[in-house]
Amino acid sequence: MTDNKKNGFTTSVLHSDRRKPVEHGSVHKPIHTSVTFGYEDARELAEVFQGKKPGYRYGRQGNPTVSALEDKITRMEDGCSTICFSTGMAAIGAVIQALLREGDHIVSSSFLFGNTNSMFQTVDRQGIKVSFVDATDVKNVAAALTPATRVVFVETIANPRTQVADLKRIGDLCRERGVLYVVDNTMTSPYLFRPKSVGAGLVVNALTKSISGHGHALGGSLTDTGLYDWTAFPHIFDSYKKYPTVQWGMAQVRAKALRDFGGSLGPEAAHHIAVGAETIALRLDRQCASAQALAKMLEADDRVAAVYYPGLPSHPQHGIATELFSGYGSLFSFELKEDMDCFDYLNRLEIAISASNLGDTRTLVIPVAHTIFFEMGKERRASMGIAESLIRVSVGIEETEDLLEDFRQALTV
Ligand SMILES: *Cc1c(COP(=O)(O)O)cnc(C)c1O
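The following refers to the structure shown. (Residues numbered from 1 in each chain as written. Predicted model: local features only at pLDDT ≥ 70, side-chain atom pairs only at ≥ 80, totals over all residues. Heavy atoms only, no water.)

### A closer look at the overall build of the chain
Stage number 1. Scanning the chain from terminus to terminus reveals 15 helices and 12 strands.
Stage number 2. For 413 residues, the compact-globule estimate of 2.2 N^0.38 gives 22 Å, and the C-alpha radius of gyration of the chain, at 22 Å, lies within 12% of that figure.
Stage number 3. Projecting the C-alpha coordinates of the chain onto the three principal axes gives extents of approximately 75 × 55 × 40 Å.
Stage number 4. The proportion of buried residues among the 413 residues of the chain is 53%.
Stage number 5. Put simply, of all contacts in the chain between residues at least 6 apart along the chain, 70% involve residues at least 24 apart.
Stage number 6. Approximately 17700 Å² of the chain is accessible, and the part contributed by carbon and sulfur atoms is 52%.
Stage number 7. Of note, the chain has its 43 positive side-chain charges centred 7 Å away from the centre of its 48 negative side-chain charges. (Helix = DSSP H or I, 4+ residues; strand = E, 2+ residues; numbered from the N terminus. Rg over C-alpha atoms; globule rule 2.2 N^0.38 Å. Buried < 20%, exposed > 50% of the residue type's maximum accessible area, 1.4 Å probe, protein only. Contact = heavy atoms within 4.5 Å. Areas by Shrake-Rupley, 256 points an atom, 1.4 Å probe, with all protein chains shown as cover. Lys, Arg positive; Asp, Glu negative; His and termini not counted. Charge placed at Lys NZ, Arg CZ, Asp CG, Glu CD.)

### Quick notes on the pattern of salt bridges
A side chain with one charge can pair with a side chain of the opposite charge if their charged atoms come near.
Stage number 1. Taken as a whole and judged by the stated rule, the model has 18 salt bridges.
Stage number 2. Residue Arg169 is joined to Asp166 by a salt bridge in which the shortest nitrogen-to-oxygen separation is 3.0 Å.
Stage number 3. Taking relative accessible area as the criterion, Arg169 reaches 48% and is therefore assigned partly exposed.
Stage number 4. On the accessibility criterion, Asp166 (4% relative accessible area) is buried.
Stage number 5. Across the pair Asp360 and Arg362 runs a salt bridge, and its minimum N-O distance is 2.9 Å.
Stage number 6. The class for Asp360 is buried, based on a relative accessible area of 6%. (Salt bridge = Lys/Arg side-chain N within 4 Å of Asp/Glu carboxyl O.)

### A short note on unusual backbone geometry
Stage number 1. A cis amide bond, omega 10 degrees, links Asn159 with the succeeding residue Pro160.
Stage number 2. Among the secondary structure elements, Pro160 is positioned in the loop between strand 4 (149–155) and helix 7 (167–177).
Stage number 3. Phi at Asp78 takes a positive value of approximately 55 degrees, unusual for a residue other than glycine.
Stage number 4. Relative to the assigned elements, Asp78 resides in the loop between helix 3 (64–77) and strand 1 (81–85).
Stage number 5. Here the phi dihedral of Thr162 falls at roughly 65 degrees; this positive angle occurs in a residue that is not glycine.
Stage number 6. Among the structural elements, Thr162 can be located in the loop between strand 4 and helix 7.
Stage number 7. Overall, Thr162 belongs to the buried group, its relative accessible area being 0%.

Dropping the structure here:
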């Protein structure tokens, strides 16, 4: 298998494992469960430890099955290297643990995945200041930058209200100011959008979601796009400056976050995610088409108060989403009119499952304010545009007609 750049997205994802020798011609990268790796020559072991020779040492820092997945994600994001973690949250935490120090400043979108929002509030109390701004307009991000700003963090499409960040202009701003631009690509996935195209330095993916796609493995990843100049970053330790400059950031993340905090991806999960990744294009084409049909049907119904989906022309960032993404994603949210109880509506659905998670092959629905956004309280919810009746829908791969019928029948009391 030669590395043919002309191959399409799915061909490239499917065959990435075979670019390096695979044991016995196995078409799947085998699951290596060994925690440690032995060497016949003890000097070789020392060279691996000292970074003079490639190789594996101990499972927390890397494993051949996980490495194969890292190569696959790098290929999907058109990046230069990837580190996998046990969850998406561990990947986001790694950026902070490995690269930031007391006194640093983060500018973050205020429209964030709930747990990321919670993490940033914790970090803010530990001496790294976080400013939350409406990142749908670059002006708000620019106004929040200070000389201490090290990172700008945004999601592509925000979960659950689907605001689309001003991705391209924020990328231009970060480049001008030498700030590391970190984009959480979970909601679009590299199939619909590559943050590298708008200047992101680091890309986060919660592999748990669309990339794995079947809700049967947790995982996260951080990809270096190669665009950020690490020589401009003030906190790289001397030990990692012995590598070529393009590797500085990830060398430090692998040691200071993955090795020292230990949020490592297990080989079995890596295998599940790698197999799931093979069908991401097929799944997302169907999921995006169904999401569009459902959003359109609900928007036209007068029992529905509001529908949020970037694929609708009524969405405030429909234009930017059309320009940047090759699809509008598998997730939308909507509010019912006040006289209909959101719990009763969810209980009338026969196909969709009331459950957390997203990007699954099954359609999942959740009453946002009462579950994933409950802990933050009503005031912060309101500031994030989360209505008490908001329902989030992660559209699965069921037949579109079946889903339309299910969501339609549940509107009738
Ligand atoms: C789910 C999610 C995460 C966290 O991923 P986990 O694997 O659940 O830790 C981060 N960002 C976004 C946008 C997500 O949807």
